[in-house]
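Listed below, chain by chain, are the residues.
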Amino acid sequence: MSPGPKGHVVVEEAPPSPRGDDDPSPQVVALSARTPKALSRMIRDLAARLAEEDDAFADLAFTLQTGREGYEERLAFVAASRGEALATLSALADERAAAVAVFRGRTRRGGAGAVLDGAEAVAHSLDDPALDDLARAWVEGLPVNWRGLHRGKTRRRVALPPYPLDPISHWLPAGRVPLIPVETKERVVTRAVPVVEDEDETLLLRPLWLDKPVSAEGVSPSSRLVLLCGLPAALAEGLQRALGDAPSRVIGAQSADPGDDFMDVATAVMTLLRDLLLGPEKLRPGLVQLVAPKTPCAALTAGLSGLAGTLAQETVSPVFQSIAIDPAVDAVVRARFLDEDSRCPKDRLIRHDGGHRQVRRLAELPSGPALSRPWRDGGCYVISGGLGGWGGCSPMTSPPMPGIRRWF
Amino acid sequence: MFAHDIATHARHPTVVLIGRSAAGNLARETLAVLEKAGARAVYHALDVTDAPAASVLMARLRAEHGAINGMLRTAGAIQDALLVRKDMATTVRVFAPKALGAMVLDAATAGDALDLFVCFSSLAGLLGNLGQSDYAMANGFLDGFAAWRNRRVDRGKRTGRTLSIDWPLWLRRPGGFGRCDPGDPADAGRPRVAPGRGAGGRCFARRSVLPADLDRVGAASGDGGGRKRSAGAMRRWRSPVPPT
């Protein structure tokens, strides 16, 4: 689509297309969605629609069959009439699915197979299992030539409820960046709402690691992939052995200076994850653990946590955890830590410090009295990249600030 | 911003600007502004990933200006794309100026008696940001670099506090990060954050209340709404209260 302004003019409403044949024969009602949840909502939406509008039942079935993309979660059944379809859908919406005869299942995407021709089924009556065969074939992911079913009939598309999208928030709510005060308890109790007189109200945050034991009732995602990044070879091998069945990959080795292999490891991790996300969905693990050694500099860990935070915004699945492990701890214990972490997928940034399990939060730095600046009289200051923006920039006159819309 | 802060708050300082490209109109204008504010201002072209060239330039600065008192690292490049669309060849262009550049400038000033070494990082490193997997990693690296350099300071191998400041986005303009110009019609109506109003200076101005072990700090701007929201978040997090 070309960028730039577009205009639309409504001249006149299009005339309604002629109603299709009032065909009394039974029809296959076929529904599909990306997730079971969306399918349930689709069933409810369609039931509500059937209860309200009076379209020809055959048109409705035709629209569902030929006017919708086939997603993984599928449901199909044969109904003799609109009323019967409504009864079935209502029963399903009530989750009394056991009481009605439907085909339901999850297909693989792009499942290949023979095309079943609807025309062969058309001559048979409701008692004939041919329509049931089509319904089952559709649920199993076989391509069905639905148009053959309606050959020689007049059909039209009818307006049906739209796909029930699962709402996913891509915003950065305050709740996802929990701020905690670093001040003393007394201060917090007496001043729960910090009063800050800064003229520009710059919030200064510091990362803070807080002890958080694993929650007992946690459930780990169905599958996980462990990426061991920048660990010394012997350590990585021991950990891989201790992890047993859990798939793991070793990326890069550790060196003394943080800059040496950071770029290599970072690029390798990104390449691997990109290929994983581009690959077939069924091969994707539910959880990816990015494991790096806890070192004083933690450059790699900090980089990986930035990556994990980014990917959490770019994709819903898999879940990414950035985990810093203590190189001094025994491999078996470390593997157990990783197992435990996998049962807490909500903890995204984790650090193991000896026996302590910690998660990262952000703490607001308290405001203090203004002191003098650090610049010396006659001092020499080198500002690299200064012209690109930061250094060379002249101070702004207070611009309008409509709240924190986006932080970066 | 920092250059101007130095020029206006210190007497007769020298501000050395380093950029990738040869001096152009922008450099001349910026230098003129800084000179007017009372600083001696010079510009040098340098590829910060070129270690020998960086050493040569630092030696020249020491000879010309007596000493180097502070290093402020602000360079960065972005190539935004979702990870699934990333061309790994471009990630090097994002990593190199941040990660390699910091290491190169640190090595080139290892023997200098610096008061401070500041890295301009991004909140993307702290929180992640859509389309910036490589940039987030590079900035995360800088935060780690600051910690690493401070441990060297502790051991007497470097001088001057290192601090990595995770900024929010400034206005994004062709060719680089935002040069904030409220008068430019091209910027009208764009979202603004306001680190330009002295926030950077205050990170230091308030350094007495910064915990001594602080290597990185995130800076977010907001008006009363943002402030209130963070206060609400703080109330929810009142317990457990961590040790200071």
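Calculation rules
- Positions within a chain are numbered from 1, following the residues in the order the chain's sequence is written.
- The naming scheme follows written order: chains are lettered A onward, ligands numbered 1 onward.
- Selection of residues for local features in this predicted model requires a pLDDT of at least 70, selection of side-chain atom pairs for listing and counting requires 80 or more, and totals for whole chains, interfaces and linings are taken over all residues.
- To get an axis, fit a line to the C-alpha atoms, keeping to the stretch in contact for a helix; angles then go from 0 to 180 degrees between the N-to-C directions.
- Each helix is a run of H or I in the DSSP string that is no shorter than four residues. Each strand is a run of E no shorter than two, and both are numbered from the N terminus.
- We call two directions roughly parallel when the angle between them is under 35 degrees, roughly antiparallel when it is over 145, roughly perpendicular when it lies between 65 and 115, and oblique otherwise.
- A clockwise turn of the near helix away from the far one marks a right-handed crossing, whereas an anticlockwise turn of less than a right angle marks a left-handed crossing.
- Two residues form a contact once the distance between their C-beta atoms, set from the backbone, is within 7 Å.
- Only Asp, Glu, Lys and Arg are considered charged, only Ala, Val, Leu, Ile, Met, Phe, Trp, Tyr, Cys and Pro nonpolar, and every remaining residue, Gly among them, polar.
- For every residue, the predictor reports its confidence as pLDDT, a number between 0 and 100.
- One bridge is not enough; two strands pair if DSSP finds at least two bridges between them.

Q: What should I look at first to understand the packing of helix α8 (residues 233–243) of chain A against helix α11 (residues 331–342) of chain A in this one?
A: How two helices sit against one another is set out by the angle between their axes and by the gap between those axes. All names here are of chain A. Axis separation between α8 and α11 bottoms out at 8 Å; the angle between their running directions is 60°. Considering their axes alone, α8 and α11 lie oblique with respect to each other. Relative to α11, α8 is oriented so that their crossing is right-handed. In this structure, α8 uses G238, L239, A242 and L243 to contact α11, whose residues at the interface are A331, V332, R334, A335 and L338. In the contact of α8 with α11, the residues fall into 7 nonpolar, 1 polar and 1 charged.

Q: Got a minute to help me understand the confidence of the model for chain A in this structure?
A: Parts of the model with low pLDDT should not have their predicted coordinates read in detail. Residue and element names in this part refer to chain A. Across chain A, the average pLDDT comes to 73, with 72% of residues at 70 or higher. For the stretch residues 121–127, pLDDT sits under 50, and the model shows 9 contacts to residues farther than four places along the chain or on other chains. Under a pLDDT of 50 for its full length, residues 388–408 has, in the predicted model, 75 contacts with residues more than four places off or in other chains.

Q: For this particular structure, what's the right way to read the sheet that holds strand β3 (residues 103–106) of chain A?
A: Whether parallel or antiparallel, the strands of a sheet pair through hydrogen bonds between backbone atoms. Residue and element names in this part refer to chain A. Taken in spatial order, the 3 strands make up an open sheet running β1-β2-β3, and their pairing is antiparallel. Both outer strands of the open sheet, β1 (27–33) and β3, are each paired with one neighbouring strand and no more. Along the sheet, successive strands turn relative to each other by an average axial angle of 15°, direction set aside. Sheet topology places β1 next to strand β2 (residues 73–79); 7 bridges connect them, and they run antiparallel. Across the sheet, residue A33 finds its bridge partner in β2, namely E73. Lying on the sheet, helix α1 (residues 36–52) is in contact with β1 and β2; it crosses β1 at an angle near 140°.

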